[in-house]
Amino acid sequence: MTSTIIIQSNATAAPGIVTRATETVRAWADQNGFDYRFRNDDLFDLVPAQVIDAAGPRKQMAADIARLAWIQHLLDAGADKVVWLDADIYVFRPGRLSVDAPAGVTFGREHWVQPDKTGRLKLFNNVHNAFLVFTPDGRTTLDFYREQAERILLRAGPDVPPQLVGPKLLTALNNVVGFPLNGGVGMASPRVIDDLANGGGAAWELMLAAHGDDLAALNLSTSLLETTTDGIEVTEALLEKAVGNLSA
């Protein structure tokens, strides 16, 4: 088995911008000699039916757990390193995206930009699971994370946020444990996307300053497609314009 495996998953009928994003990840994997694997909805076959039932319409929560199960399976099969990237991650600086995993694990460092109650832009620092790296040395962390995520999901009611077992759980754990974090994959908020589509702006500059030279890819937050969030109408056309400027 190839020593480093890059994995992604998305529904069969994905928006064009997501397909474009996955192509950048596949190209980055090829450039580095990494193996690349992709699943559609069969990703959910990797978790028990009770997990799917508990997640209900919040499929993101089931996907958060299913990606962990997939990583476990690949490590069991002999992989030296497994790297998960969300399907809407767009790699625009492939030479800078590192898959180092100190102590066998790396999570994503998030700097999310949005207006506060006064309308002033604010930076929120969290941990995200859009980018995960595990090696056999990190197996204890991987197994613990999956076990606790499933436990929380099975106990959760219908009104909990879909980020509960992903960024919210990881951020809470990181505040105590202090995980190795990678700032190479940023989370593009609607204000950041709008700035990029218009050639730059305060939100993009704030995020860029927080990540520094590490920033190599952006999660395009396509879960917000066709919504108006923070005053920004998030459309595929807006995202296409944004990534076009990233690639310029």
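About the thresholds
- Residues numbered from 1 in each chain as written.
- Predicted model: local features only at pLDDT ≥ 70, side-chain atom pairs only at ≥ 80, totals over all residues.
- Heavy atoms only, no water.
- Phe/Tyr/Trp six-rings, centres within 6.5 Å; stacked < 30°, edge-to-face > 60°.
- Lys NZ or Arg CZ within 6 Å of the ring centre and 35° of its normal.
- Axes fitted to C-alpha atoms, helices over the stretch in contact; angles between N-to-C directions.
- Helix = DSSP H or I, 4+ residues; strand = E, 2+ residues; numbered from the N terminus.
- Parallel < 35°, antiparallel > 145°, perpendicular 65-115°, else oblique.
- Left-handed = near helix turned anticlockwise from the far one by under 90°.
- Contact = heavy atoms within 4.5 Å.
- Nonpolar A, V, L, I, M, F, W, Y, C, P; charged D, E, K, R; others polar.
- Core = buried A, V, L, I, M, F, W, Y, C linked by side-chain atoms within 4.5 Å.
- Buried < 20%, exposed > 50% of the residue type's maximum accessible area, 1.4 Å probe, protein only.
- Pairing = 2+ DSSP bridges.

### A look at the packing of aromatic side chains
Working step 1: Taken as a whole and judged by the stated rule, the model has five aromatic pairs.
Working step 2: Here the aromatic residues Phe-107, Phe-134, Tyr-145 and Phe-179 are joined through ring pairs into a cluster of three or more.
Working step 3: Across the ring face of Trp-70, the terminal group of Arg-39 is positioned such that the distance to the ring centre comes to 5.1 Å.

### Considerations on the packing of helix α3 (residues 59-76) against helix α4 (residues 139-155)
Working step 1: Between α3 and α4, the least distance of the axes is 10 Å, while the angle of their chain directions is 150 degrees. By the angle class used here, α3 and α4 are roughly antiparallel. Both α3 and α4 take part in a crossing whose hand is left-handed. Taking contact as the criterion, the partners of Met-61, Ile-65, Leu-68, Ala-69, Ile-71, Gln-72, Leu-75 and Asp-76 in α3 are, on α4, Arg-139, Leu-142, Asp-143, Tyr-145, Arg-146, Ala-149, Glu-150 and Leu-153.
Working step 2: The class makeup of the residues in the contact of α3 with α4 is ten nonpolar, one polar and five charged.

### Describing the nonpolar core
Working step 1: Among the nonpolar cores identified, the biggest contains 34 residues, and Ile-7, Ile-71, Phe-107 and Phe-134 are the most heavily contacted of them.
Working step 2: For this core, the element with the highest residue contribution is α3, accounting for eleven residues.
Working step 3: Setting aside anything within four residues of it in sequence, one finds Phe-107 in contact with Val-127, His-128, Phe-131, Leu-132, Phe-134, Thr-141, Tyr-145, Leu-170, Phe-179, Pro-180, Leu-181 and Asn-182.
Working step 4: Among the nonpolar cores identified, the runner-up in size contains 26 residues, and Ile-17, Val-113, Ala-203 and Val-243 belong to it.

### Brief notes about the sheet that holds strand β8 (residues 185-187)
Working step 1: Read across the open sheet, the three strands follow the order β4-β9-β8; overall the sheet is mixed. A single partner strand is all that each edge strand has here, and the edge strands are β4 (89-91) and β8. The average undirected angle you get between the axes of adjacent strands in this sheet is 25 degrees.
Working step 2: With three bridges joining them, β4 and strand β9 (residues 217-219) adopt antiparallel strand pairing. Within the sheet, the bridge partner assigned to Val-91 lies in β9 and is Ala-217.

### Some points on the pairing of strand β1 (residues 4-9)
Working step 1: Of all six residues making up β1, six are buried, and the element is well covered by its neighbours.
Working step 2: Of the two faces of β1, both are covered, the one formed by Thr-4, Ile-6 and Gln-8 as well as the one formed by Ile-5, Ile-7 and Ser-9.
Working step 3: Across four bridges, the pairing between β1 and strand β3 (residues 81-85) is parallel. Opposite Thr-4, over in β3, you have Lys-81 as the bridge partner.

Interpretation in functional terms is not warranted from these geometric data alone.
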